[in-house]
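Listed below, chain by chain, are the residues.
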Amino acid sequence: AATDDTADIPTYKVAMEPTFPPFDTINEETQELDGFDYDLMNTIAEDQGFKLEWVNMGFDGLIPALQAGNIDIIASGMNASEERREKVDFSTTYYDSGLVLAVKAGNTAIKSIDDLTADMKAGGQIGTTGADLATELYETGKIKEAKIYNGLDVAVMDLLNGTIDVLINDLPVTKAYMDAKPGTIEIVGDVLNAESYGYAVKKGNTELLEKINTGMQNMIDNGTFDEIYAKWFE
Ligand code: GLN
């Protein structure tokens, strides 16, 4: 991390992919990064006496950037999976999530994952567990194509214009897109897996990880976590 030479306060680079509301988004008025992750990470930084420089990045670029030392923290609704834990270290997890299928409202053909057929196309965001599942469905011959998107905003547009039949994405985020355009998207079937989001640091960066975990616990203990949660989810 670079050092603020006037005050000797460390500055860390923190990255998110901002088409993942309400966790990671762009504020329409300020055009700055925003969301639950943005507010939570900023209050952790304030509590722990460090500064943040926010970076907007493709989801598939986040872990490579952390490993290369180009960024210090990933705060981007990232499932702290076993597979990713081999590459990076995760903070205490702060949100339990899972994948769901979504269809265009009025599509009665798909009520669950079992209804997918070999003429259908599924979409997911690059580098995510949703894209992994779409790819697996394609490779096992259950669908015709897995369409992998850089941003979920475009994936949702393609769901609505019929380019894809189904979107595979995290429940709270698909809900946020639904709420933004009521009556256009429907979630179908069960939650398909269990995911827990954590903030990631470079493997072995225990000093920064401890700051994040301590700050997170302080936010939980003093009620700030609940306040930020209410701002974005209620
Ligand atoms: N749950 C997904 C993952 O961690 C999606 C993350 C995202 O798009 N921000 O792979």
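Above: the structure in question.
Since the model is a prediction, treat every value here as computed from it, not as a measurement.

Together, E82, E83, E86, D132, E136 and E139 line one region of the surface with negative charge. The set of elements that each furnish at least two residues to the negative patch consists of α3 (82-85) and α4 (129-139). It is α4 that provides the largest number of residues to the negative patch, a total of three residues. Relative to the helices and strands, E86 resides in the loop between α3 and β7 (88-90).

Our next topic: the layout of surface pockets. Size it by volume and the largest pocket reaches roughly 620 Å³. Lining the largest pocket are 23 residues, and of these P21, T25, A176, Y177 and A180 sit closest to its centre. Breaking the lining of the largest pocket down by element, the ones donating at least two residues are β3 (25-26), α5 (152-160), α6 (171-180) and α8 (224-233). When residues of the lining of the largest pocket are assigned to their parent elements, the largest contribution, seven residues, is made by α6. Looking at the lining of the largest pocket residue by residue, the class counts come to 16 nonpolar, two polar and five charged. Lining the lining of the largest pocket are residues from two domains, each supplying at least three of them: domain 1 (2-96 + 196-233) and domain 2 (99-188). Roughly 270 Å³ of internal volume is contained in the second largest pocket. In terms of lining residues, the second largest pocket is bounded by 14 residues, among which I63, E83, R84, G127 and D132 are the most central. Secondary structure elements with two or more residues in the lining of the second largest pocket: α2 (59-68), α3 and α4. Tallying contributions element by element places α2 first for the lining of the second largest pocket, with five residues. Residue classes in the lining of the second largest pocket are distributed as five nonpolar, four polar and five charged. Here the lining of the second largest pocket spans two domains, and each of domain 1 (2-96 + 196-233) and domain 2 (99-188) adds at least three residues to it.

Rules used in this analysis
Residues numbered from 1 in each chain as written. Predicted model: local features only at pLDDT ≥ 70, side-chain atom pairs only at ≥ 80, totals over all residues. Heavy atoms only, no water. Patch = residues over 30% accessible without salt bridge, like charges linked within 9 Å, V, L, I, M, F, W, Y side chains within 5 Å. Areas by Shrake-Rupley, 256 points an atom, 1.4 Å probe, with all protein chains shown as cover. Salt bridge = Lys/Arg side-chain N within 4 Å of Asp/Glu carboxyl O. Lys, Arg positive; Asp, Glu negative; His and termini not counted. Charge placed at Lys NZ, Arg CZ, Asp CG, Glu CD. Helix = DSSP H or I, 4+ residues; strand = E, 2+ residues; numbered from the N terminus. 1 Å grid on protein atoms, 1.4 Å probe; cavity = no way out; pocket = protein on both sides within 12 Å on 5 of 7 lines; lining within 4 Å. Points joined across faces, edges and corners; volume = space filled by probe spheres on them. Nonpolar A, V, L, I, M, F, W, Y, C, P; charged D, E, K, R; others polar. Domains from an automatic or database assignment.

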